[in-house]
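# Chains, contacts and geometry: an overview
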Amino acid sequence: MVKRIGGVLLAKIEDAHTATHVIAGSKDSSMRRTPKLMIGLCKTNNIVDVEWLIQSSKQHKALPSTRFQLLQDSQAEAHYNFEMRESLQRAGRMRSLGESLLGGFTVSCCPGVAGNGKKGNKTPPAEEFQLIVEAAGASWVPSLAKVGNFSKLIIVVSKLEREAKKQLAEKKVAKALTKGAISKSTEEIFDSIMQQQFIP
């Protein structure tokens, strides 16, 4: 169906930032907060129901996405703490001004945060985490030793309080915080992206 409307299906997450449309749900399936969706939210307002592809395929062209936008998925909005309509408005406004959600920031994850497979604390692997924050406009650094400006540094810690306390107590992290860095949990980063507004 994608080829029928002259499109290309992007299977690799490395290409997600180039997508013009993100099919994120249907009337029978609620959207999920996947890395591809979070990247897509930072790059396009065309977050659509699969019905957009079905109807576009019937007409052999990409139809305008407005009436197919996923604006009423109350289940997903409640679960992920956001409102799609407002998120798309904020994202569109930033793009029109040449701005981005995390523009100017540098992001670094504490060891053990990215790629965590623990139930209740699952996070994408570092490679995908990097793609997500870069799509939001941030620079990614794998090590605090490579940070120049600590005042624009976000250190990502676990959303679990006990793990986060240990990570924040690490010598390099504690020192960075005294130099102006801020810490955010994985959940706070993902909430900011889904809402398309930075949560202080």
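Before any of the text, the structure's been laid out above.
Residues numbered from 1 in each chain as written. Predicted model: local features only at pLDDT ≥ 70, side-chain atom pairs only at ≥ 80, totals over all residues. Heavy atoms only, no water.

## Considerations on the overall build of the chain
- From N to C terminus, the chain includes eight helices and six strands.
- Traced from its N-terminal end to its C-terminal end, the chain shows the element sequence β-α-β-α-α-α-β-α-β-β-α-α-β-α.
- Once the C-alpha set of the chain is aligned to its principal axes, its extents read approximately 60 × 35 × 30 Å.
- Of the contacts made within the chain by residues no fewer than 6 positions apart, 67% connect residues no fewer than 24 positions apart.
- Accessible surface for the chain amounts to roughly 11200 Å². Of this, 50% is attributable to carbon and sulfur atoms.
- Both charge centroids of the chain, one from 29 positive and one from 19 negative side chains, sit 4 Å from each other. (Helix = DSSP H or I, 4+ residues; strand = E, 2+ residues; numbered from the N terminus. Contact = heavy atoms within 4.5 Å. Areas by Shrake-Rupley, 256 points an atom, 1.4 Å probe, with all protein chains shown as cover. Lys, Arg positive; Asp, Glu negative; His and termini not counted. Charge placed at Lys NZ, Arg CZ, Asp CG, Glu CD.)

## Let's talk about the packing of aromatic side chains
- Using the criterion set out here, one finds three aromatic pairs in the structure.
- Here the aromatic rings of Phe129 and Trp140 are separated by 6.0 Å at their centres, their planes lie at 40 degrees, and the arrangement is tilted. Placement of Phe129 in helix 5 (residues 126-135) and of Trp140 in strand 4 (residues 139-140) is noted, with a sequence separation of 11 residues between them.
- On the basis of relative accessible area, Phe129 is assigned to the buried category, the value being 0%. (Phe/Tyr/Trp six-rings, centres within 6.5 Å; stacked < 30°, edge-to-face > 60°. Buried < 20%, exposed > 50% of the residue type's maximum accessible area, 1.4 Å probe, protein only.)

## What to know about the packing of helix 1 (residues 35-43) against helix 8 (residues 186-195)
- Contact pair helix 1 / helix 8: the axes reach a minimum separation of 9 Å and the direction vectors enclose 45 degrees. It follows that helix 1 is oblique to helix 8 by the angle criterion. Our pair here, helix 1 against helix 8, has a crossing hand that is left-handed. Taken together, the residues of helix 8 that come into contact with helix 1 (itself represented by Leu37, Met38, Leu41 and Cys42) are Phe190, Ile193 and Met194.
- For the contact of helix 1 with helix 8, the class distribution of residues is seven nonpolar, no polar and no charged. (Axes fitted to C-alpha atoms, helices over the stretch in contact; angles between N-to-C directions. Parallel < 35°, antiparallel > 145°, perpendicular 65-115°, else oblique. Left-handed = near helix turned anticlockwise from the far one by under 90°. Nonpolar A, V, L, I, M, F, W, Y, C, P; charged D, E, K, R; others polar.)

## What about the layout of surface pockets?
- The calculated volume of the largest pocket comes to roughly 640 Å³.
- Residue lining of the largest pocket: 26 residues in total, with Leu9, Ala19, His21, Val22 and Ile23 positioned closest to the centre.
- For the lining of the largest pocket, the secondary structure elements donating two or more residues are strand 1 (22-25), helix 1 and helix 2 (50-59).
- A per-element tally of the lining of the largest pocket places strand 1 first, with four residues.
- The residue makeup of the lining of the largest pocket, split by class, is 15 nonpolar, nine polar and two charged. (1 Å grid on protein atoms, 1.4 Å probe; cavity = no way out; pocket = protein on both sides within 12 Å on 5 of 7 lines; lining within 4 Å. Points joined across faces, edges and corners; volume = space filled by probe spheres on them.)

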